[in-house]
Amino acid sequence: MFTNNPFEAITKNMMDAAGKLSSDEAQGTAKQMMDSLRAWGDLVQTQAQSVQAASMETAEDFKAVRDPMAAVEAFKASVQRAIALNAKHLQETTALSIEQFNAGVDLLQERHPAPDAFAPVAHGMKLAAAAVESGLLAALNTGVEASGTKPAAKKSRAR
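Residues numbered from 1 in each chain as written. Predicted model: local features only at pLDDT ≥ 70, side-chain atom pairs only at ≥ 80, totals over all residues. Heavy atoms only, no water.

Caption draft 1: Representation of the overall build of the chain. The secondary structure content of the chain amounts to four helices and zero strands. Seen in sequence order, the chain has helices and strands lined up from the N terminus as α-α-α-α. Counting all 159 residues of the chain, 19% fall into the buried class. Looking at the chain alone, contacts between residues at least 24 apart form 67% of all its contacts between residues at least 6 apart. (Helix = DSSP H or I, 4+ residues; strand = E, 2+ residues; numbered from the N terminus. Buried < 20%, exposed > 50% of the residue type's maximum accessible area, 1.4 Å probe, protein only. Contact = heavy atoms within 4.5 Å.)

Caption draft 2: Geometry of a nonpolar patch on the surface. Taken together, the side chains of Met33, Met34 and Leu37 make up a nonpolar region of the molecular surface, amounting to roughly 310 Å² of accessible area. Take methionine 33: it is sitting in helix α2 (residues 23–63). (Patch = residues over 30% accessible without salt bridge, like charges linked within 9 Å, V, L, I, M, F, W, Y side chains within 5 Å. Areas by Shrake-Rupley, 256 points an atom, 1.4 Å probe, with all protein chains shown as cover. Salt bridge = Lys/Arg side-chain N within 4 Å of Asp/Glu carboxyl O.)

Caption draft 3: Quick peek at the pattern of salt bridges. Evaluation of the coordinates by the stated rule reveals seven salt bridges. Arginine 81 is the partner of glutamate 57 in a salt bridge, and the nearest nitrogen-oxygen pair spans 3.2 Å. Of this pair, glutamate 57 sits in helix α2 while arginine 81 sits in helix α3 (residues 68–111), and the two are 24 residues apart along the sequence. Residues lysine 88 and glutamate 92 are paired through a salt bridge, measuring 3.1 Å at the closest nitrogen-oxygen approach. One end of the pair is lysine 88 and the other is glutamate 92, both in helix α3 and four residues apart, which spans about a single turn.

Caption draft 4: Inspection of the environment of leucine 140 at higher detail. Here leucine 140 is to be found in helix α4 (residues 115–146). Taking the relative accessible area as the measure of exposure, leucine 140 reaches 14% and is therefore buried. With 53 residues separating them in the primary sequence, leucine 140 and alanine 87 have C-alpha atoms 6.1 Å apart. Setting aside residues no more than four positions away along its own chain, leucine 140 makes contact with Ala87, Leu90 and Gln91.

Encoded structure:
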């Protein structure tokens, strides 16, 4: 028997849904979760490799330094590389986050008791996410340009 508390509705919905969960749905959900984790793992690995390559490039630049002005130029190049790389990584992270957010909204709409009624809400959620992404990318590109670094090309992800 449920008591009157804030978690009552959530508990009731979870218990009702538990009886309706099929093994196919459970496998689909697990696969989606694993695909999501794999995408994040791949992104982290790629970004770590690019940071490692940039670090090696910076070390090589500093090996050739023989005078103070060359050190300043090497340091400037290193900072610009780091800014561009961080901006690129933030763009990639944002793109993956928005992609997975949109997939979650699609799943929510698919499993909603009235998917057609939820469609305008889902559309609004996706528009809001796209606006956040656009704002973040504009701010990143503005910061990168202000640093005197060439902005990294936006890496588009399939949506």
